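# Structural characterization, general
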Amino acid sequence: MKAPEKEILGTKMNHRHRPKITALVVDDNMVVRAIHHRLLQDLGIENQVAVNGKEAVDVHSSGQYFDLILMDMDMPVMNGIEATRKLRAMGIRSTIAGISSRSLEREKQEFMEAGLDDYHEKPLTADKIVSILHKISNHSG
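Procedures and definitions
Residues numbered from 1 in each chain as written. Predicted model: local features only at pLDDT ≥ 70, side-chain atom pairs only at ≥ 80, totals over all residues. Heavy atoms only, no water. Core = buried A, V, L, I, M, F, W, Y, C linked by side-chain atoms within 4.5 Å. Buried < 20%, exposed > 50% of the residue type's maximum accessible area, 1.4 Å probe, protein only. Helix = DSSP H or I, 4+ residues; strand = E, 2+ residues; numbered from the N terminus. UniProt positions renumbered as here; feature names shortened; annotations may be inferred. Contact = heavy atoms within 4.5 Å. Phe/Tyr/Trp six-rings, centres within 6.5 Å; stacked < 30°, edge-to-face > 60°.

An unreviewed UniProt entry annotates the chain as Response regulatory domain-containing protein of Citrus clementina.

Once that is clear, we can look at the nonpolar core. Ranked by internal contacts, the top residues of the largest apolar core, which has 21 residues, are L24, V26, I69, M71, L87, I96 and F111. Judged by nonpolar contacts, the second largest core, of 17 residues, contains L43, L68, I99 and I132.

To continue, consider unusual backbone geometry. With an omega dihedral of 0 degrees, the bond running from K122 to P123 counts as a cis peptide bond. You can see P123 is positioned in the loop between β7 (118–121) and α5 (126–140). Look at V77: it is not a glycine, yet its phi comes out positive at around 70 degrees. With respect to the secondary-structure elements, V77 resides in the loop between β5 (68–72) and α3 (80–89).

Before going further, it helps to examine the UniProt feature "modified residue: 4-aspartylphosphate" (unreviewed entry) in the chain. The residues that UniProt annotates with the feature "modified residue: 4-aspartylphosphate" (unreviewed entry) are D72. Take D72: it is sitting in strand β5. For D72, a relative accessible area of 3% corresponds to the buried category. Ignoring sequence-local partners within four residues, the contact set of D72 consists of V26, D27, D28, G80, I99, S100, F111 and K122.

Turning next to the packing of aromatic side chains. The tally for this structure, following the rule as stated, stands at 1 aromatic pair. With a centroid separation of 6.3 Å and 80 degrees between ring planes, the pair formed by F111 and Y119 is classed as edge-to-face. Residue F111 shares its accessibility class with Y119, and that shared class is buried.

Below you can see the structure in the form of C-alpha cells.
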C-alpha cells in the first residue's frame, strides 16, 4: 500500500521522503499550544512546546535549533517581543512567526521590528502554517 501524499512546500511528498522540519510552539495558553502542536504534527513537522519566551530562549541556550518558531506576543515571565529580540541577539536565524490575538497596527509593528519573519492573528489554521512553511523553503532555498 502506498504512503499517503500531502502537498507541503509546493511539492507532493510521501511520508517517508518529507524533509525534516522542526518547530517550537511558544504560547502560555494550553489550548492554543495543543492546537498548534497538533496542526504541525498533522503536517509531519516535529515540534516541541514552551510556555513562555524565557523557556524558548533557554531551549536555544541549551543548543537546540528549530527551523520554525511560532511565538505568541502576550505571555508571562517573558513576552514574545522580548524573547524574539533575545533570540535574534543570540544569532538565532530560525523563521520566527509572531502569533497574537492583537490587531492594532502599532502592536503588530513593534512585534515585527523585534525580528519576526511573519505575523498571523490567532487562531492558526493548517493553511496559515503552510503559508509560513513556504517562507521557510524560500528563505533556505
